[in-house]
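Commentary on secondary and tertiary structure
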There are 2 protein chains.
Amino acid sequence: MRNGAKPPRPLPYERTPSAIYAQSFATVRAEASLDRFPEEMQAMVIRLIHSCGMVEIADRLAFSPDAFAAGRDALRAGAPVLCDCEMVGAGIIRRYLPAENDVIVTLNDPTVPDLAQRIENTRSAAAVELWQDHIEGAVVAIGNAPTALFHLLELLDQGWPKPACILGFPVGFVGAAESKAELAARPRGCDFVALRGRKGGSAIASSAVNALAAGLVEEKR
Amino acid sequence: MRNGAKPPRPLPYERTPSAIYAQSFATVRAEASLDRFPEEMQAMVIRLIHSCGMVEIADRLAFSPDAFAAGRDALRAGAPVLCDCEMVGAGIIRRYLPAENDVIVTLNDPTVPDLAQRIENTRSAAAVELWQDHIEGAVVAIGNAPTALFHLLELLDQGWPKPACILGFPVGFVGAAESKAELAARPRGCDFVALRGRKGGSAIASSAVNALAAGLVEEKR
């Protein structure tokens, strides 16, 4: 503040976290079409919408009927969360995880570039191969790479053990819509949630994990 | 693979990174309205769209004419990148940064919760106060919290030194549209890029930094 000058006026905006959450969730409930979702899934859908500011994504979500329970129970039982990129891992709110669950991101493992060359696929796909010892009963969160989701489905076709729940939110113009359509059409016996089309991203994928871990915990405060 | 069984067929999808990038950028160029942007900004807009799968965001971008050059030159001169959350930091591709620039995220600093109580604002806003020694000439990337952007503007009103470029991509239903409208209407003498409305997010904010750092480097490979 300059000498003698009147202090500048603060800007008019909501500063109280609980009020911000309440107003956000109320707006989502007022604007989104949530009727077709079971109640627990509604909490996830609200959190997904909250993460991206787009109520219209509710209309493009595909999911298996038991997806929420399967993912929630896996986390409670201590299952790890397998993420396709560091951003997804960074968005998972650790204090919400019910069993100090491991959050595993293998993308930057030093063996990945060579492995990608050998399997003639992307680094994101190669990183999925390193999930082999953790995949059984795990929660998978894909928020970036279509090739990670496609390659996971291929590895399941080759006989890999099944994860408890696949959260499919790869994003973009090449393979994102196609990989999520493949997951929704042939989920290989896994529970899943997926956002059809090009939209997706790491914030949405992280929020799906946070929903499985804690529902809409902020609403109850 | 099971004994004697025929190996399952691989799924049909693009696995070559350079082809994926080329096809993505070509789709964005074909579908997005880029004409109103200067050439360097077009590279940023393509990268922003690529990060979220939404060509329509091009129509809602506000920016100052020199935003790209200001941000790029700041990074070349070694300026730090100040991020409002860990996800934004995680999405910045470190090898693209021209001067091994520091990427600073203060949200989880142990002093932040008490500071938030004292200033009666969110943790995200309190974390911005810890940028004071780094703000002059910095690149600011906000991909989550409207209160972080609002509070930065308040601190500039109180006489803080100016950052070189503010990348404004807070997301959501409470304050996101309003904080970005305030930045675009009264940028306090700073260069800026902002996505009007509710849409935004950490992946878009990170991609804006990556664009300043490297343009569309993948296109030239």
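Residues numbered from 1 in each chain as written. Chains lettered and ligands numbered in written order. Predicted model: local features only at pLDDT ≥ 70, side-chain atom pairs only at ≥ 80, totals over all residues. Heavy atoms only, no water.

1. A closer look at a negative patch on the surface
A cluster of like negative charges, contributed by A:Glu56, A:Asp59, B:Glu56 and B:Asp59, occupies part of the molecular surface. Examined against the element boundaries, A:Glu56 turns out to sit in the loop between helix H2 (39–52) and strand S1 (61–63). Taking the relative accessible area as the measure of exposure, A:Glu56 reaches 35% and is therefore partly exposed. (Patch = residues over 30% accessible without salt bridge, like charges linked within 9 Å, V, L, I, M, F, W, Y side chains within 5 Å. Areas by Shrake-Rupley, 256 points an atom, 1.4 Å probe, with all protein chains shown as cover. Salt bridge = Lys/Arg side-chain N within 4 Å of Asp/Glu carboxyl O. Lys, Arg positive; Asp, Glu negative; His and termini not counted. Charge placed at Lys NZ, Arg CZ, Asp CG, Glu CD. Helix = DSSP H or I, 4+ residues; strand = E, 2+ residues; numbered from the N terminus. Buried < 20%, exposed > 50% of the residue type's maximum accessible area, 1.4 Å probe, protein only.)

2. Digging into the sheet that holds S1(A)
Residue and element names in this part refer to chain A. Taking strand neighbours across the sheet as the criterion, the six strands line up as S1-S6-S5-S4-S2-S3 in an open arrangement whose pairing is mixed. Edge positions in the sheet fall to S1 and strand S3 (103–105), since each has one partner strand and no second. Going from strand to strand, the sheet's axes swing by 15° on average, the running direction of each strand aside. Across the sheet, H2 is in contact with S1, strand S5 (165–168) and strand S6 (191–195); its angle to S1 comes to roughly 145°. (Pairing = 2+ DSSP bridges. Axes fitted to C-alpha atoms, helices over the stretch in contact; angles between N-to-C directions. Contact = heavy atoms within 4.5 Å.)

3. Some thoughts on the interface of chain B and chain A
Each partner contributes residues to the interface: chain B has 49 residues there, and chain A has 49 residues. Both sides of the chain B and chain A interface together cover about 3,900 Å² of buried area, and 66% of this is carbon and sulfur. Sorting the residues of chain B by area buried against chain A places B:Met87, B:Phe173 and B:Val174 first, and these three jointly supply 18% of that buried surface. Here chain B is connected to chain A by four salt bridges. Between A:Arg198 and B:Glu31 there is a salt bridge whose closest N-O contact spans 2.8 Å. Contributions of two or more residues to the side of chain B that touches chain A are made by helix H1 (17–31), helix H2 (39–52), helix H4 (86–91), helix H7 (146–157) and helix H9 (202–214) of chain B. Grouping the amino acids of the side of chain B that touches chain A by side-chain chemistry returns 20 nonpolar, 16 polar and 13 charged. (Buried area = accessible area lost by both parts, 1.4 Å probe. Nonpolar A, V, L, I, M, F, W, Y, C, P; charged D, E, K, R; others polar.)

4. With respect to the relation of the copies chain B and chain A
The operation linking the two copies of the chain is a rotation about an axis combined with a translation along the axis. Its rotation angle being 180°, the transformation that places chain B on chain A also includes 0.0 Å of axial translation and leaves an RMSD of 0.0 Å. These values place the two chain copies in the arrangement generated by a two-fold rotation axis. Nearest to the rotation axis, the C-alpha of B:Met87 is located 2.6 Å from it, this being the minimum over chain B. Here 100% of the interface residues in chain B have copies in chain A that are interface residues too; the copies meet face to matching face. (Least-squares fit on C-alpha atoms with pLDDT ≥ 70 in both.)

5. Let's talk about the pattern of salt bridges
Pairing is possible between side chains that carry opposite charge, provided their charged atoms lie close to one another. If you walk through the whole model with that rule in mind, you get 18 salt bridges over all chains. Taken together, the shared-partner salt bridges in this structure form one network comprising A:Asp157, A:Glu182, A:Arg186 and A:Arg188.

6. Structural notes on the environment of A:Arg76
Residue and element names in this part refer to chain A. Checked against the element boundaries, Arg-76 lands in helix H3 (residues 67–76). The class of Arg-76 is exposed, set by a relative accessible area of 55%. Taking C-alpha positions, Arg-76 is 8.6 Å from Asn-101, a pair spaced 25 residues apart along the chain. Apart from residues no more than four positions distant in its own chain, Arg-76 is found in contact with Pro-98 and Ala-99.

7. Describing helix H9 (residues 202–214) of chain A
All names here are of chain A. Counted at 1.5 Å a residue, the expected span for H9 with its 13 residues is 18 Å, and the 18 Å between its end C-alpha atoms agrees. Extensive coverage of H9 is indicated by the burial of 12 of its 13 residues. Turning to H9, its buried residues number three or more, namely Ser-202, Ile-204, Ala-205, Ser-206, Ser-207, Ala-208, Val-209, Asn-210, Ala-211, Leu-212, Ala-213 and Ala-214. Just past H9, the residue Gly-215 takes up positive phi, approximately 60°. (Expected span 1.5 Å × (residues − 1).)

8. Looking at the sheet that holds strand S1 (residues 61–63) of chain B
Strands in a sheet are paired, the pairing made by backbone hydrogen bonds, and the direction either parallel or antiparallel. Residue and element names in this part refer to chain B. Read across the sheet, six strands follow the order S1-S6-S5-S4-S2-S3 without closing on themselves; strand pairing throughout is mixed. Unpaired on one side and paired on the other, S1 and strand S3 (103–105) mark the two borders of the sheet. Averaged over all pairs of adjacent strands, the angle between strand axes in this sheet comes to 15°, irrespective of strand direction. As defined by bridge partners, strand S5 (residues 165–168) adjoins strand S6 (residues 191–195) across four bridges and the pair is classed as parallel. Of the residues in S6, the one forming a bridge with Gly-168 is Ala-194.

9. Points about the pairing of S5(B)
Residues and elements named next belong to chain B. Along S5, one buried face is formed by Cys-165 and Leu-167 and the opposite face, lined by Ile-166 and Gly-168, is buried too. Relative to S5, strand S4 (residues 139–142) runs parallel, the two being bridged by four bridges. For Ala-141, the partnering residue across the bridge sits in S5 and is Leu-167. Each parallel crossover has a hand, and for S4 linked through H7 to S5 it is right-handed. In this view, the connection linking S5 to its parallel neighbour S6 by way of helix H8 (residues 176–185) has right-handed handedness. (Right-handed = clockwise from strand over helix to strand, strands pointing away.)

10. Regarding the side chain of B:Asp84
All names here are of chain B. Its location among the elements puts Asp-84 in the loop between strand S2 (81–83) and H4. Despite its burial, Asp-84 pairs with no opposite charge; the closest candidate is Lys-180, at 11 Å N-O. Not counting residues up to four positions away in its chain, the partners in contact with Asp-84 are Leu-107, Trp-131, Ala-141, Ile-142, Gly-143, Asn-144, Ala-145 and Ala-148.

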